[in-house]
Amino acid sequence: VQLQASGGGLVQAGGSLSLSCTVSGRSFSSYHVDWFRQAPGKERVLVASIRWSDGSTDYADSVKGRFTISKDNAKNTVYLQVNSLKPEDAAVYYCAARNIYGLGSVRSSLRYDYWGQGTLVTVSS
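Residues numbered from 1 in each chain as written. Predicted model: local features only at pLDDT ≥ 70, side-chain atom pairs only at ≥ 80, totals over all residues. Heavy atoms only, no water.

**Student:** Just checking my understanding: could you explain the nonpolar core for this structure?
**Tutor:** A general feature of soluble globular proteins is that nonpolar side chains tend to end up buried together. With 31 residues, the main nonpolar core has Cys-21, Trp-35, Ile-69, Val-78, Leu-80 and Tyr-93 as its most contacted residues. If near-sequence neighbours (up to four positions away) are discounted, Val-78 is found in contact with Leu-19, Ser-20, Cys-21, Val-33, Trp-35, Ile-50, Trp-52, Ile-69, Ser-70 and Lys-71. (Core = buried A, V, L, I, M, F, W, Y, C linked by side-chain atoms within 4.5 Å. Buried < 20%, exposed > 50% of the residue type's maximum accessible area, 1.4 Å probe, protein only. Contact = heavy atoms within 4.5 Å.)

**Student:** It is not clear to me how the state of the cysteines should be interpreted in this structure. Could you clarify?
**Tutor:** Defined simply, a disulfide is a covalent bond joining two cysteines at their sulfur atoms. A complete count under the given rule lists 1 disulfide for this structure. Cys-21 shares a disulfide with Cys-95; S-S distance 2.2 Å. Of note, the bridge from Cys-21 to Cys-95 carries an S-S torsion of about 75° and is right-handed in sense. You can see Cys-21 sitting in strand S3 (residues 17–24) and its partner Cys-95 sitting in strand S9 (residues 91–99), a full 74 residues away along the chain. (Disulfide = S-S within 2.5 Å. Helix = DSSP H or I, 4+ residues; strand = E, 2+ residues; numbered from the N terminus.)

**Student:** Explain the layout of surface pockets to me, please; I cannot follow it from the model alone.
**Tutor:** One water molecule sets the probe size; rolling that probe over the atoms shows where empty space is left. Counted as a void, the largest pocket has a volume near 220 Å³. Every residue along the wall of the largest pocket is listed here: Phe-36, Glu-43, Arg-44, Val-45, Leu-46, Val-106, Arg-107, Ser-108, Ser-109, Tyr-112 and Trp-115. Partitioning the lining of the largest pocket into residue classes produces 6 nonpolar, 2 polar and 3 charged. (1 Å grid on protein atoms, 1.4 Å probe; cavity = no way out; pocket = protein on both sides within 12 Å on 5 of 7 lines; lining within 4 Å. Points joined across faces, edges and corners; volume = space filled by probe spheres on them. Nonpolar A, V, L, I, M, F, W, Y, C, P; charged D, E, K, R; others polar.)

**Student:** Even after reading the chapter, I still don't get the packing of aromatic side chains, so can you show me in this structure?
**Tutor:** Think of a pair of aromatic rings as described by two things: how far the centres are apart, and how the planes are tilted against each other in angle. What the rule picks out here adds up to 7 aromatic pairs. Here the aromatic rings of Phe-28 and Tyr-114 are separated by 6.0 Å at their centres, their planes lie at 65°, and the arrangement is edge-to-face. Taken together, the residues Phe-28 in the loop between S3 and strand S4 (31–38) and Tyr-114 in strand S10 (residues 114–115) connect sequence positions 86 residues apart. Given a relative accessible area of 3%, Phe-28 falls into the buried group. Look at Tyr-31 and Tyr-114: their rings are 5.9 Å apart centre to centre, the planes differ by 40°, and that puts the pair in the tilted class. Of this pair, Tyr-31 sits in strand S4 while Tyr-114 sits in strand S10, and the two are 83 residues apart along the sequence. Taking the relative accessible area as the measure of exposure, Tyr-31 reaches 4% and is therefore buried. Residue Tyr-114 is classed as partly exposed on the basis of its relative accessible area, which comes to 21%. Of the aromatic side chains, those joined through ring pairs into one cluster are Phe-28, Tyr-31, Trp-52 and Tyr-114. Note that Arg-44 overlies the ring of Phe-36, its terminal NZ or CZ placed 5.6 Å from the centroid. Over the face of the ring belonging to Trp-52 we find Lys-71, whose NZ or CZ atom lies 5.5 Å from the ring centre. (Phe/Tyr/Trp six-rings, centres within 6.5 Å; stacked < 30°, edge-to-face > 60°. Lys NZ or Arg CZ within 6 Å of the ring centre and 35° of its normal.)

Here you go:
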């Protein structure tokens, strides 16, 4: 099973990026695929979530209205469109998958079955 994150880069404040998380190796129909970010010296924070089966989404308050999570079933890919970027959005962004039947807080990495490698987003002011 693999989650492959990509799409990070350097962007000016106010700009946009599209991050991708391509999943493979199993069916994710019973999973949420979530995007986290972690800035240097800070805790990892959940920013967006999508349930694979019905596409229902959820967002952290800090990104509502600016970030959009979506998926393409045919490409087995979850996207995170990040708009109106701010310097405080700079971080390594990770995708991860958790079973919808699992227990435990999304604050714990133990809640997640699979993780992708990070993709770095840098925002210049």
